[in-house]
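The residues making up each chain are set out below.
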Amino acid sequence: MQEKYPQKPGIDFILKQAFFYWNKTLLFQLMFSLIYFSIFLTVLFYFSGKYGVIDQLFGAAADYMKAGPTGIDRYKAEIATIIASEGFQSFYLGIVGVQIFLYPLNLGLFQIFRKMDLKEKIVIGDLFAGYNGLNFFRYISYFIFWFFLYTFIAQTIILPFIWVLCTIFVAPLMFFQNKTIFEGISLNFKALKMYFLEIFVCVIVAVLFKYVGFALFLVGGLLTLPFWNAMIYSLYKTIFIEKS
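Structure report, in brief.

Criteria and cut-off values
Residues numbered from 1 in each chain as written. Predicted model: local features only at pLDDT ≥ 70, side-chain atom pairs only at ≥ 80, totals over all residues. Heavy atoms only, no water. Salt bridge = Lys/Arg side-chain N within 4 Å of Asp/Glu carboxyl O. Helix = DSSP H or I, 4+ residues; strand = E, 2+ residues; numbered from the N terminus. Buried < 20%, exposed > 50% of the residue type's maximum accessible area, 1.4 Å probe, protein only. Axes fitted to C-alpha atoms, helices over the stretch in contact; angles between N-to-C directions. Parallel < 35°, antiparallel > 145°, perpendicular 65-115°, else oblique. Left-handed = near helix turned anticlockwise from the far one by under 90°. Contact = heavy atoms within 4.5 Å. Nonpolar A, V, L, I, M, F, W, Y, C, P; charged D, E, K, R; others polar. 1 Å grid on protein atoms, 1.4 Å probe; cavity = no way out; pocket = protein on both sides within 12 Å on 5 of 7 lines; lining within 4 Å. Points joined across faces, edges and corners; volume = space filled by probe spheres on them. Phe/Tyr/Trp six-rings, centres within 6.5 Å; stacked < 30°, edge-to-face > 60°. Lys NZ or Arg CZ within 6 Å of the ring centre and 35° of its normal.

1. A short note on the pattern of salt bridges
Side-chain pairs of opposite charge can arise whenever the charged atoms involved come near each other. Summed over the entire model, instances satisfying the criterion amount to three salt bridges. Note that Glu-78 and Arg-74 form a salt bridge whose closest N and O atoms lie 3.1 Å from each other. Of this pair, Glu-78 and Arg-74 both sit in helix α4 (residues 72–84), separated by four residues, roughly a single helical turn. A salt bridge links Asp-117 to Lys-237; the nearest nitrogen and oxygen atoms lie 3.3 Å apart. Taken together, the residues span a long stretch of sequence, with Asp-117 in helix α6 (residues 105–118) and Lys-237 in helix α13 (residues 227–239) at a distance of 120 residues. With a relative accessible area of 28%, Asp-117 lands in the partly exposed category. The exposure class of Lys-237 is partly exposed, given its relative accessible area of 34%.

2. Considering the packing of helix α7 (residues 135–153) against helix α8 (residues 159–167)
Remark: α7 packs on α8, axes separated minimally by 9 Å, with the N-to-C direction vectors making an angle of 155 degrees. Put simply, α7 runs roughly antiparallel to α8. For the crossing formed where α7 meets α8, the hand is right-handed. In this structure, α7 contributes Tyr-142, Phe-145, Trp-146, Leu-149, Tyr-150 and Ile-153 to the contact, and α8 contributes Leu-159, Pro-160, Trp-163, Val-164 and Thr-167. Considered class by class, the residues forming the contact of α7 with α8 number 10 nonpolar, one polar and no charged.

3. Some remarks on the layout of surface pockets
Put simply, the largest pocket is a space of about 990 Å³. Lining the largest pocket are 31 residues, with Phe-143, Trp-146, Lys-210, Tyr-211 and Trp-228 sitting closest to its centre. Looking at the lining of the largest pocket, the elements with two or more residues in it are α2 (26–51), α6, α7, α8, α9 (170–177), α11 (196–217) and α13. Here the element with the most residues in the lining of the largest pocket is α11; it accounts for six residues. For the lining of the largest pocket, a count of residues per class yields 26 nonpolar, four polar and one charged.

4. Observations concerning the packing of aromatic side chains
A complete count under the given rule lists 38 aromatic pairs for this structure. Ring geometry for Phe-19 and Trp-22: centres 6.3 Å apart, planes at 85 degrees, overall edge-to-face. On the criterion of helical spacing, the pair formed by Phe-19 and Trp-22 is a turn pair, its members being three residues apart in helix α1 (residues 11–24). Through a chain of ring-to-ring contacts, the aromatic side chains of Phe-20, Tyr-21, Phe-110, Phe-113, Tyr-139, Phe-169, Phe-175, Phe-176, Tyr-233, Tyr-236 and Phe-240 assemble into a single cluster. One cation-aromatic arrangement involves Arg-114 over Phe-176; the distance from NZ or CZ to the ring centre is 4.1 Å.

5. A closer look at the environment of Lys-121
When you line up the elements, Lys-121 lands in the loop between α6 and α7. Accessibility expressed as a relative area gives 70% for Lys-121, which makes it exposed. Each C-alpha atom of the pair Lys-121 and Gln-89 lies 44 Å from the other, and the pair is 32 residues apart in sequence. Each residue touching Lys-121, except ones within four places of it in the same chain, is listed here: Lys-115 and Asp-126.

6. Here we look at unusual backbone geometry
Phi is positive for Lys-119, which is not a glycine, with a value near 60 degrees. Exposure remark for Lys-119: the relative accessible area of 75% places this residue in the exposed category. Although it is not a glycine, Asn-178 adopts a positive phi angle of roughly 60 degrees. Checked against the element boundaries, Asn-178 lands in the loop between α9 and α10 (181–194). A relative accessible area of 54% places Asn-178 in the exposed class.

7. A look at the packing of α1 against α13
Two measures define how a pair of helices packs: the angle their axes make with one another and the distance between the axes. Relative to each other, α1 and α13 sit at 130 degrees, their axes nearing to 8 Å. What the angle tells us is that α1 and α13 run oblique. Considering only the axes of α1 and α13, their crossing is right-handed. Judged by residue contacts, Phe-13, Ile-14, Leu-15, Gln-17, Ala-18, Phe-19, Tyr-21 and Trp-22 of α1 engage Phe-227, Ala-230, Met-231, Tyr-233, Ser-234, Leu-235, Lys-237 and Thr-238 from α13.

Written out as structure tokens, the structure is:
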């Protein structure tokens, strides 16, 4: 495959296209969220029950609420003790592990959007396209690399957002064009330099819409959460033109 960069698209066109993909696949968006959260919460409650981490955190919070502002130092000490415990470390690794395992579900939505473009029949199995063959290990390797670097810089304010911008196209480039992680990052940089404003605005809109469902409608978040993937695909399709 080869890429070229066309005339700059309008932000309104990219946004309308993203909402189109999202709106036309609401059933699959809901299935994505239900699968994701059912597996994630099952693992979360399993490890929480096994190590008692959530009960400990709630207990520390309850003690702080009773003591009021004067109990802040004790609360911080309790949280530090919980985080330093072996049980919490095992709990954290379990949560990270399930996030890594679930990441390829996002690529299934890219497969569905591409099938829409090709006017091909979409089936439930398309949601699991990211788990097919050895490419599964490529995708989770990328997410491990992305996640741990993101975690490393998470305490800063702006670096995590920059990291998201610098890697937003890596997954679709790996999925559709079989690029390596570092080839994808290189192409991402080129696109970011040429389309910074378009990408920046669309990412802000996607993040706001992604979480607004949980903030306002709770259950509605099951539908708005996957919108992020529709925005990425809309940007990718508009900026990158694939050639055989």
